[in-house]
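An overview of the molecular structure
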Amino acid sequence: MVAFIVRRVVAAVLMLAIVSMATFAIFFLIPRALGQTPEGMASRYVGRDATPEAIQGAVKRLHLDDPLLVQYARFAKGIVAGQDYSLGPRKAECPAPCFGFSFNNNQPVWPTLLDRLPATISLAVGAAVIWLVSGVSIGVISALRRGTVLDRSAMTVALAGVSLPIYFTGLVSLSVFAYTLGIFPGGGTYTAITDDPVMWFQALVLPWITLAFLYAALYARLTRAGMLETMGEDYIRTARAKGLKERTVVTKHALRATLTPILTIFGLDVGLLLGGAVLTESTFSIPGIGKLVIDAIRGNDLPVVLGVTLFAAFFIVLANFIVDVLYAVVDPRVRLS
Amino acid sequence: MRKTNALALAALGTALTMGLAACGGTAGGGNTGTGNQSTGAASAGAKHNDAYTKVVNASDAKGGTLKFALSDEPDSMDPGNTYYAWNWNFSRLYARPLMTYVPAPGDEGLKLVPDLAEGPGEVSDDGKTWTYKIKKGIKYDDGTEVKAADVKYAIARSNFTDELTDGPKYFAEYLDAGDYKGPYKDKNLDDFKGIETPDDYTVVFKLKAPFSEFDFLVANPQSAPVPQAKDTGIDYEKTVASTGPYKIESHEVGKHFHLVKNENWDPATDTTRKQLPDRIEVQFKQNAEDIDQRLLSGQIHVDLAGTGVQTAARAKIVADPKLKDSSDNPFTPFNRYAMMSVNVKPFDNIDCRKAVQYATDKVATQTPWGGPLGGEIGTTAMTPTTVGYKQFDLYPSTDHKGDVAKAKEHLTACGQPNGFETNIAVRGDRTKEVQVAEALQASLDKVGIKATIKKYPSGDWSAQYAGKPDFVHKNNLGIMIAGWGSDWPSGFGFLSQLVDGRFIKPSGNYNMMELNDKAINDLLDKGIQTTDAAERNEIWSQVDQKVMESAAFMSFVYEKTLIFRPSNLTNVYVHPAYGMYDYTWLGVQQ
Amino acid sequence: MTTPLPPESFLELRDLRIHFPTEDGLVKSVDGLSFKLDRGKTLGIVGESGSGKSVTSLGILGLHKGGRARISGEIWLDGEELVSAGQDHVRKLRGKKMAMIFQDPLSAMHPYYTVGAQIIEAYRIHHDVSKAVARKHAIDLLGRVGIPQPDRRVDSYPHEFSGGMRQRAMIAMALSCDPELLIADEPTTALDVTVQAQILDLMLDLQREFNSALIVITHDLGVVAELSDDILVMYAGRCVEYGTAEDIFYRPEHPYTWGLLGSMPRLDREPTERLLPIKGSPPSLINVPAGCAFNPRCTYADRTGGKATTEMPQLLETDGGHLVRCHMPRAERRSIWENEIKPMMESA
């Protein structure tokens, strides 16, 4: 098991290094390859009617005229050792891990990410709990009551849930529950849990449900399919033949086997969401990672986009790692290989 | 002009003749320009467009929190480093430029009054020296007094440094500052020769050439004073030293901006602002549709951008008379138009350009903007809210639906009786502009002109594509669809960048039609040296005529917007200089 | 209507029918099956896959209850009728009074639980004892079925066992509550020949020790040859021949049984080589052929005077306790066996 974990850790670190190179290439190598000049790239960082001097200044400030390898080395070094940027009369420090410096926000990307992380975690974890519990229960019940009205209506709702985009369900739920009925506060009311736990909770109920609806629908369908398959397994028949109560057969034998592949997907989904739930955060104006990146994309704030991409990749790699380890814990067969 | 809500500031000159002023012909509101700012209609009786002509919900009641939301984020909240129209309006809450606008709806609001200055600038005989005396006893929020050097420093940092790149650079263009490197590289402010401060209360601007609309330039928030010791470069937006009725309580970049009352602001020195709410809160980067819902339900008071509600809310407002009565439909500074490159065949022939002018069904090209609420059909280069604007139409057709017969006549005159092939360049990520291109394509098809739509990214639109004449010629871009809103609503502000042939740049060019007519260039030079406003405005009108005669410029619409005022918002009127509500006057009902 | 009397036998099936409604039609998996079995005796049920033998065994255990299956007839176990009994009541009998050894223990054991845990679970359902006690019992059982170092292997997962060990563990699990009726479904199919023999010996030993009734279900007559007192040959959900092991091996009278005997792998033959292959494939249980269900595959169908395709033959006694379902006259059947089939098999 220890060897297994060590192997996975090494793989994860390698993966991150590759992701950082690939990301850097996408943002800097490909534009260059497509004929973008350092000045052209710098012009994204300066206002309109910028004088050639201002653009040249930005080129220098951002070191865009250096060879790409040097730029990557500086970038990689920044992550490990930090670097400084000019802000005008003073230098701005970007301490390690320096994921870049956003000239739109006048601050290093890393603290911004950390600042946005609690909102994203709040949203992702809350929604994950809701969708896992509701999705799996609905899926199990549907599978056990296969073909009944209950099953069919649950699956119809689930189909709708998978098909409806979040900006639709989100805006409709806001319109109904926040502005018409006034049960929940509207968008943009997210408050840090440390500031006001009650407000934090109230403001997140609608986003949680909206986001969870989509995933719950997906998980209900997955669970149902998995459950139907598992219930046909020989070992379920064995469990019944032992004289186990049906409830025990379902919870102890069937569910455990069904949940294992779902756990994998769940881990990856949560990992993905920790890198930012773009649509939900945008719709409800929650200042999380996803909101940060979508705004950065709109505002051409490349350092932030780059930083978030790496950050998100980190979470996915981490989630992958955790899922691998958990899978080994859950399924003894994995440990062998 | 890249930022769609960057402002047309009105540099109308101090002696502006309001008879020629811009607001004539605004739709909906009908008669504007009464200048009656305090009729104080109660909200109950307020009608659609009422805030366009008078103060709705007038009240001097203090207290409460005024809440703004913005779907975007500002380039910067630093008054010296912003190009957003709303921010030139909003930043006055904590920054006082030398001059500002009369707080009134209609034509009156286009007049300038002294703010930090004691009076309008005194111009020297050669027109190259402008002197402002600043009021004594104006303090920052920390209690220290504002000095002339702070104004000088503010302009030095905003116009002459590499770091503050977001605002306009007019002072750098017009001031005679040699090769001054800016205060971040050269700490000695005395090296900045473009501005002199003979004493603590006098600021003297030294110009390269006469510029009769200079009072306009100092109405930009860039002239608001900045103490050198407090400057932290691009980070200064978090800690701006306030001279206005409010000061910054907290500013989390990209998240929120909170203002509280500034006790060191003395209303006796300030004739244009009020200080009604206890605090002002701005949320950035909010979902645009959600902002509208919150606005309609009264949970927030103002959509800070002032660019109007989204499609869904627009439909809701138009359908509900009650909601409609709480909305206004002002012009924005924008003209939405097509330019035909005079250097791309066959548009080098004026008759081919005229054929396009006649062929275009402008009702069809108005639709993508949202119909009459989104814009009035345009026939000139200047917009109705530009001083010097005169209504005329050189290429008339019944109901603006196009005149196929006339178009064919000109095609024949151009030697292309069966039409020709050309390209329409458009910013591919601007849905409305793409739809306009499609409508135009359909119009042209009727007279035999086969146009292909070429889409380019808006990010590099002026740097790499339509703004790069080489690229335009090489790719045969006969027609380019664009928009312009000037930084001040005089003819000069509107036209100089668009039609002055001497401004054609190899890249980043806005005169995409490459019109280079000596008569037009000379008129622009003559106008900016003319101190008599009436005479000057007449010259702008002549320029507009000549531009339209060239047939290279074709306006689709003068853009309009639909903005909403919740009933709990008090003291509301549309400030004509900004095309949105006057943010320094607003109060909230408790 | 009279209440049927409880039989004297420990297990008796009377006209058991198990039908499954499907979208394609009614699947008659078991269609009128009757037999008796006493304690200490072994019954072999033989047939191709799809003949209904596994469905029968699951039916006895009541595992079709609550599902879509339509069950009729009677299953008497130790004086109790199970078809009409409550689901929960039958559940309580499962594992304790009657237990099953499934084929392919790799899939029949839960992959995520240790072998020990699965035995302990089976034991504790019916015995209110602590985990420690149950664990000791599990180790004992594993030892008894011949698993070396049972105190260590008890914590192994099924995939860590070899095929034979898994089958032993499966048996240990089935025996955990000393069942009086043990059903083994293809207990040796997945195993190689030498291990097969060991497992069969083990089952016989255990049966003697517990004096339980044993049903062995298989497609392979070779397996039941060693084990069984009686053998029931099933075809298309019905019994086509029933008799003692001697009856079936030395005096078989049904052409299908002949086929099965001919298909028997023997040590002296290549397993793929079949002496008397049964042509064709098992019938669809939705559209069972009219007349004798076996007639499309029967070499002797033309010797029935046309009845093979029109009339279903009855299961009739041919000799003391030996039952055969065939239209051919007894004399002809015996003659064919003695003169055609038997010499061919002996010469092979």
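Residues numbered from 1 in each chain as written. Chains lettered and ligands numbered in written order. Predicted model: local features only at pLDDT ≥ 70, side-chain atom pairs only at ≥ 80, totals over all residues.

**Comments concerning the overall build of chain B**
As a reminder, the rule being used: Numbering of helices and strands runs from the N terminus, with a helix taken as a DSSP run of H or I at least four residues long and a strand as a DSSP run of E at least two residues long. To get the radius of gyration, use the C-alpha atoms; to get the globule rule, take the number of residues to the power 0.38 and multiply by 2.2 Å. Exposed residues have 12 or fewer other C-beta atoms within 10 Å of their own C-beta, buried residues have 20 or more, and partly exposed residues fall in between, where C-beta atoms are placed from the backbone.
Of the regular secondary structure elements, chain B holds 16 helices and 23 strands. Here the C-alpha radius of gyration of chain B, 24 Å, is about what a compact globule of 590 residues would show, namely 25 Å. On the principal axes, the C-alpha backbone points of chain B span a range of 75 × 60 × 40 Å. Evaluated residue by residue, chain B yields a buried proportion of 60% over its 590 residues.

**Description of the overall build of chain A**
Stated formally: Each residue gets a C-beta atom placed from its backbone, and two residues are in contact if those atoms lie within 7 Å.
In terms of regular secondary structure, chain A is built from 14 helices and four strands. Dimensions of chain A, computed from the C-alpha atoms along their principal axes, are close to 80 × 55 × 40 Å. Within the span of chain A, comprising 337 residues, buried residues form 44% of the whole. When contacts within chain A are restricted to residue pairs at least 6 apart in sequence, long-range pairs at least 24 apart make up 64% of them.

**Here we look at the domain arrangement of chain B**
This is how the line gets drawn: Boundaries of every domain are those given by an automatic assignment or by a domain database.
As assigned here, chain B comprises domain 1 (2-281 + 563-588) and domain 2 (331-560). Each of domain 1 of chain B and domain 2 of chain B has a C-alpha centre, and the two are 31 Å apart.

**Considerations on the nonpolar core**
Residue and element names in this part refer to chain B. Selection rule: The nonpolar core is taken to be a set of buried Ala, Val, Leu, Ile, Met, Phe, Trp, Tyr and Cys residues joined by way of C-beta atoms within 7 Å.
A338, M339, M480 and L495 are the most contacted members of the largest nonpolar core, which totals 162 residues. With seven residues, the top contributor of residues to this core is helix α2 (residues 148-160). Summarising the domain contributions, this core has at least three residues from each of domain 1 (2-281 + 563-588) and domain 2 (331-560). Residues contacting L495, with those up to four places away along its chain left out, are A381, M382, L524, W540 and V543.

**Looking at the sheet that holds strand β16 (residues 450-456) of chain B**
Adjacent strands of a sheet form backbone hydrogen bonds with each other and so pair up, either parallel or antiparallel. Residue and element names in this part refer to chain B. The condition that has to hold: Here the rule is simple: two strands pair whenever DSSP picks up at least two bridges between them. Interaxial angle, 0 to 180 degrees, is taken between N-to-C directions of lines fitted to C-alpha atoms, where a helix line uses only the stretch in contact.
Sheet architecture is open: six strands sit in the order β14-β18-β13-β17-β15-β16, paired in mixed fashion. Edge positions in the sheet fall to β14 (375-377) and β16, since each of these pairs with one other strand and no more. Adjacent strand axes in the sheet meet at a mean angle of 30 degrees, parallel and antiparallel pairs treated alike. Note: strand β13 (residues 331-340) against strand β18 (residues 553-560), six bridges, orientation antiparallel. By the bridge assignment for β18, N335 is matched with Y558.

**Section: the interface of chain A and chain C**
For clarity, the cut-off: Polar here means any residue other than Ala, Val, Leu, Ile, Met, Phe, Trp, Tyr, Cys and Pro, which are nonpolar, and Asp, Glu, Lys and Arg, which are charged; Gly is therefore polar.
Tallying the contact residues gives 18 residues for chain A and 23 residues for chain C. Elements represented by at least two residues in the side of chain A that touches chain C include exactly α9 (234-241), α10 (246-274) and α14 (332-336) of chain A. Among the elements that line the side of chain A that touches chain C, the one with the most residues is α9(A), at six residues. Along the lines of polarity and charge, the residues of the side of chain A that touches chain C split into six nonpolar, three polar and nine charged.

**Considerations on the packing of helix α5 (residues 109-144) of chain A against helix α12 (residues 289-298) of chain A**
All names here are of chain A. For clarity, the threshold we go by: In this scheme, roughly parallel covers angles under 35 degrees and roughly antiparallel covers those over 145, while 65 to 115 is roughly perpendicular and the rest are oblique.
Here α5 crosses α12 at 130 degrees, and the two axes come no closer than 7 Å. By the angle between their directions, the pair α5 and α12 is classed as oblique. Where α5 abuts α12, its residues T112, L113, R116, L117 and T120 lie against I289, G290 and L292. In terms of residue class, the contact of α5 with α12 is built from four nonpolar, three polar and one charged.

**Side note on the interface of chain B and chain A**
Counting from both sides, the interface comprises 40 residues of chain B and, opposite them, 39 residues of chain A. Of the residues forming the side of chain B that touches chain A, the biggest block, four residues, is contributed by helix α5 (residues 288-296) of chain B. For the side of chain B that touches chain A, a count of residues per class yields nine nonpolar, 14 polar and 17 charged.

**As for the sheet that holds strand β2 (residues 25-37) of chain C**
All names here are of chain C. Pairing is antiparallel across the open sheet formed by four strands, whose spatial order is β2-β1-β4-β5. Looking at the sheet topology across the chains shown, the edges are occupied by β2 and β5 (80-81). As judged from the ten bridges shared by strand β1 (residues 11-22) and β2, these two strands associate in the antiparallel manner. Paired with I18 across the strands is V30, a residue of β2. Here helix α1 (residues 53-60) sits on the sheet and contacts β1, β2 and β4 (70-77); the angle it forms with β2, its principal contact strand, is near 70 degrees.

**Focus: helix α8 (residues 197-231) of chain A**
Here is the rule: Take the residue count of a helix, subtract one, and multiply by 1.5 Å to get its expected span. Two axes define the bend at a residue: one fitted to the seven residues ending there, one fitted to the seven starting there, and the bend is the angle between them.
Taking 1.5 Å of rise per residue, 35 residues should cover 51 Å, yet α8(A) covers just 42 Å from first to last C-alpha, more than 12% shy of that figure. A:L204 marks where α8(A) bends most, by close to 40 degrees; the proline A:P207 follows one to four residues later.

**Brief notes about the confidence of the model for chain B**
Residue and element names in this part refer to chain B. Rules: How sure the predictor is of each residue is captured by pLDDT, a score from 0 to 100.
The predicted model of chain B has a mean per-residue pLDDT of 87, with 92% of residues at 70 or higher. No element of chain B has a lower mean pLDDT than helix α12 (residues 461-464), at 78, and none a higher one than strand β7 (residues 202-206), at 97. Here residues 1-43 is a poorly scored stretch, pLDDT under 50, and it has 149 contacts once near neighbours within four places are set aside; other chains count. Predicted complex metrics record ipTM = 0.85 and pTM = 0.76.

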